[in-house]
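# Survey of secondary and tertiary structure
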Amino acid sequence: MIWEAFLYGLEMLVGIWIMTRIHGRASVRRWYHVSFLQGIGLLTWGLGNLLAQSSVAWVQKICMPACFLTYTFFLLSLHALQHATLAYESWKTVWDSVTLIVTFAAIVVAHELAYTSSGHLPVMMHILGGVFLLIPAITTFAEIGQASGQAMERKQHRTLILATSVFIVYTMIIPFVPSVARIAAGVISIAFLILAHYRAPGISQAQTEQPEYRYLFQKLNFVKRDAFMVQVLLILSGAMLLGVPAIPEDGQFGLWVAILFSSIRVYLTIRDHQLLVNQTLMSATRLEHQLIEQLALTQQSNQQLTQVLGLKQNYEHLLVASNQQRLKKVTYETMQQVIEELVETWYSKLDDLVYLRLSLESSDRRVYFQAERGKRREWAGIHQFQEQIVVHETLDSGLTPRFVTLEAFVKENDYLKKELEQSFFQLLLVNVRDLALRCRQQHQELELRFMESEMELAKRIQSMLVPKEQLTLNSLRARSVYAPFTYVGGDYIDYIRVDERYTCFIVADVSGHGLPASLLAAGIRTAVRAVLQKSISPDEVLERLNQLLFEDLSKTRTYITMLVCLYDAHEHALLLSRAGHPQPLYLTATQRTVLPLAGGIGLGLSPDSTYKLEKVPLKEAGFLLMYTDGLVESGRKELYRCLHTWQHDLTQILDRYGKEEEATMDHVETYIWEKTREGQQTDDMSVLIIQFQSAEEQLFADADVS
């Protein structure tokens with residue numbers, strides 16, 4: 001008793017687990033899924049048998065509706081599998097379910113009328129329930145072997161049907177075997193169901209797409225097999241009714257009901273089979289008509305292919321001639337001769353061609369050049385071709401015309417040949433257009449190579465104007481770093497030894513890039529040297545340069561930012577003036593900052609600009625970096641943050657190598673090059689590195705010199 005209760009409780013748990021196998025599946029018919037139906041069937045089976053263990057009569061009677069539900073849900077699960085493999089008629093599902101329920105209801109009513117004191121299940125419910133389920137199980141198992149779909153999915157379906165059949169056999173033998181055998185059979189059947197549902201978690205309810213005739217043929221076989229199995233059920237019911245005299249009255253009553261409903265089911269199935277046969281025949285007829293149409297199209301295609309193969313030999317040498325011309329080196333001097341050869345080849349090889357003219361024309365239809373063959377006459381049986389193709393959308397000259405135009409007169413021929421000839425005329429147009437474009441491309445390549453050589457020369461000349469050697473004084477050294485954005489740049493960097501006392505350092509940036517900016521930068525060099533002949537004060541130098549260059553800068557709508565620094569060796573100090581230029585970096589042991597120099601506007605923006613002179617005594621040893629904005633705009637969006645980064649990193653270099661003067665200068669220059677190459681350069685970049693000693697070191701240096 002306890003073990004049986006344990007078995008039924010286990011069946012309920014397994015039913016709940018099987019129902020959860022479809023949790024989260026997006027389906028509007030989740031309730032019609034195999035796992036859901038068999039899970040709830042196991043749940044009702046276990047619950048009904050637990051109730052049957054009760055000693056209360058009315059509680060025992062509740063097990064019969066539970067038995068109804070168990071067999072009904074398992075029957076629906078088999079129909080759901082049939083839906084998964086083939087479009088099973090819904091009326092069969094409804095009819096089989098009604099047959100099962102009515103038969104069981106008849107047995108239960110007859111049983112209750114005859115045995116009112118007992119609430120246990122009638123024996124015939126087990127037998128008929130098993131037969132009602134085994135018949136569709138066998139039908140579905142046979143159908144899956146013939147259904148389309150993947151082999152793995154069919155194997156999963158078969159495993160599930162076999163497990164379901166084992167459970168059905170277990171329910172049939174319950175009244176005839178002892179308790180121990182029932183428990184063993186129950187455990188085995190439950191194990192099979194768990195294994196089947198575990199291996200088949202993704203039973204698909206969607207039907208595989210397949211042709212109509214194949215679908216109808218499979219369905220026809222299924223309906224035939226289904227009708228046969230229903231007839232087997234009808235025969236078995238009649239055999240049991242007539243051949244087994246020991247069947248109780250309730251069982252006989254149920255068998256009569258089953259025979260009645262099965263007979264109606266056989267009739268309806270045979271009727272559906274006949275309708276399906278008619279549909280299959282109609283589908284076969286449509287397929288035959290489609291096949292005939294396809295054969296006709298194939299014959300037509302074969303005829304056209306035969307014509308194409310015949311024309312192929314006449315036209316293949318035209319392609320060979322075109323390829324040979326494409327391999328030749330064509331220039332403006334030889335282009336007209338090559339066009340004449342192409343026109344001659346086309347005219348001589350096309351049998352039906354009586355006139356051909358090809359011309360290079362302008363946008364107003366003026367002819368630059370034309371090649372003509374044959375006589376232009378119009379008569380009956382002649383078809384005229386006129387085609388035009390654009391060579392260049394903007395250029396229009398004898399070297400690069402706007403259009404290539406073709407006019408041809410061809411004898412009348414069939415439609416296919418006419419289409420091929422038109423394609424070959426278009427090929428001729430494309431070849432001539434390619435010749436013109438190739439000539440222009442070669443000419444542009446020559447011009448580009450010439451321009452590149454000139455730019456290389458300009459780059460070498462400009463690089464010669466940038467100081468390469470390090471400037472070395474008693475207490476100060478200077479070195480330049482220069483990287484133009486293109487071949488040449490608009491930055492100007494220079495240091496000029498005015499006399500024994502003064503040395504002038506200049507960094508300037510011309511607005512714009514490329515060759516125009518580099519020409520202005522070269523002009524600045526001459527202007528600076530001319531101004532330094534009369535004045536060396538940085539503020540006066542900027543004012544004189546502005547007056548000297550303003551007219552030329554205003555005409556070209558450009559301007560120049562500049563920073564002028566004058567080193568006074570006697571006072572060991574720097575005099576600085578700024579014209580819209582970035583403020584320099586000043587790095588010593590105690591001061592590591594951007595010098596807050598007052599700045600006027602750039603040169604060329606106002607004729608009367610004035611600039612402020614500021615003095616910076618060099619009390620401590622350190623560095624001064626004069627640079628253009630290309631240093632801090634190299635791939636960076638925030639200027640202040642970038643400048644702060646430069647200041648921080650250069651300070652670390654100064655702290656690490658400050659005692660080694662020559663090494664410090666080298667490390668600063670190396671760091672500038674590395675950081676510049678890391679970023680994406682968007683402007684010319686120039687840096688003037690000035691390294692100076694302290695005032696005390698300068699006094700000792702001057703004493704040694706004297």
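Look up a bit, the structure's there.
Reading the values: the criteria
Residues numbered from 1 in each chain as written. Predicted model: local features only at pLDDT ≥ 70, side-chain atom pairs only at ≥ 80, totals over all residues. Heavy atoms only, no water. Helix = DSSP H or I, 4+ residues; strand = E, 2+ residues; numbered from the N terminus. Polar contact = N/O pair within 3.5 Å; in protein donor to acceptor, adjacent residues only side chain to side chain. Contact = heavy atoms within 4.5 Å. Buried < 20%, exposed > 50% of the residue type's maximum accessible area, 1.4 Å probe, protein only. Pairing = 2+ DSSP bridges. Axes fitted to C-alpha atoms, helices over the stretch in contact; angles between N-to-C directions. Patch = residues over 30% accessible without salt bridge, like charges linked within 9 Å, V, L, I, M, F, W, Y side chains within 5 Å. Areas by Shrake-Rupley, 256 points an atom, 1.4 Å probe, with all protein chains shown as cover. Salt bridge = Lys/Arg side-chain N within 4 Å of Asp/Glu carboxyl O.

So, on to the side chain of serine 686. When you line up the elements, serine 686 lands in strand 16 (residues 685–692). Engagement of the side chain of serine 686 in a polar contact is seen with the side chain of aspartate 491, the distance being 3.0 Å. Setting aside residues no more than four positions away along its own chain, serine 686 makes contact with Val481, Tyr482, Asp491, Ile493, Met626, Tyr627 and Thr628.

The subject of this paragraph is the environment of tyrosine 611. Relative to the helices and strands, tyrosine 611 is located in the loop between strand 13 (599–600) and strand 14 (614–617). Judged by its relative accessible area of 6%, tyrosine 611 falls in the buried class. Linking tyrosine 611 and serine 577, residues 34 residues apart in sequence, is a C-alpha distance of 6.5 Å. Residues in contact with tyrosine 611, not counting those within four places in the same chain, are Asp539, Leu542, Glu543, Asn546, Arg578, Ala579, Gly600, Ile601, Gly602 and Leu603. Of the polar contacts made by the side chain of tyrosine 611, one reaches the backbone oxygen of isoleucine 601; its length is 3.0 Å.

Turning our eyes to something else, we now look at the sheet that holds strand 1 (residues 353–361). Pairing is antiparallel across the open sheet formed by four strands, whose spatial order is 2-1-4-3. Taken across any chain shown, the strands that pair with only one partner, and hence form the sheet edges, are strand 2 (367–374) and strand 3 (382–390). Pairs of neighbouring strands in the sheet enclose a mean axial angle of 10 degrees, with direction left out of account. Pairing analysis gives eight bridges linking strand 1 to strand 4 (residues 403–411), with the strands arranged antiparallel. Across the sheet, residue leucine 353 finds its bridge partner in strand 4, namely valine 410. Taken strand by strand, helix 11 (residues 335–349) contacts strand 1 and strand 2, and its axis lies near 25 degrees from that of strand 2.

This paragraph deals with a nonpolar patch on the surface. A cluster of nonpolar side chains, contributed by Val94, Val98 and Val102, occupies part of the molecular surface with about 200 Å² of accessible area. Its relative accessible area of 36% is what places valine 98 among the partly exposed residues.

Let us now look at the sheet that holds strand 16. Taken in spatial order, the six strands line up as 5-6-16-15-11-12 in an open sheet, and their pairing is antiparallel. Of all strands in the sheet, those with a lone pairing partner are strand 5 (471–472) and strand 12 (592–594), marking the two edges. Of the strand pairs in this sheet, strand 11 (residues 585–588) and strand 15 (residues 622–627) are connected by four bridges, and their pairing is antiparallel. Across the sheet, threonine 588 pairs through a bridge with glycine 622, a residue of strand 15.

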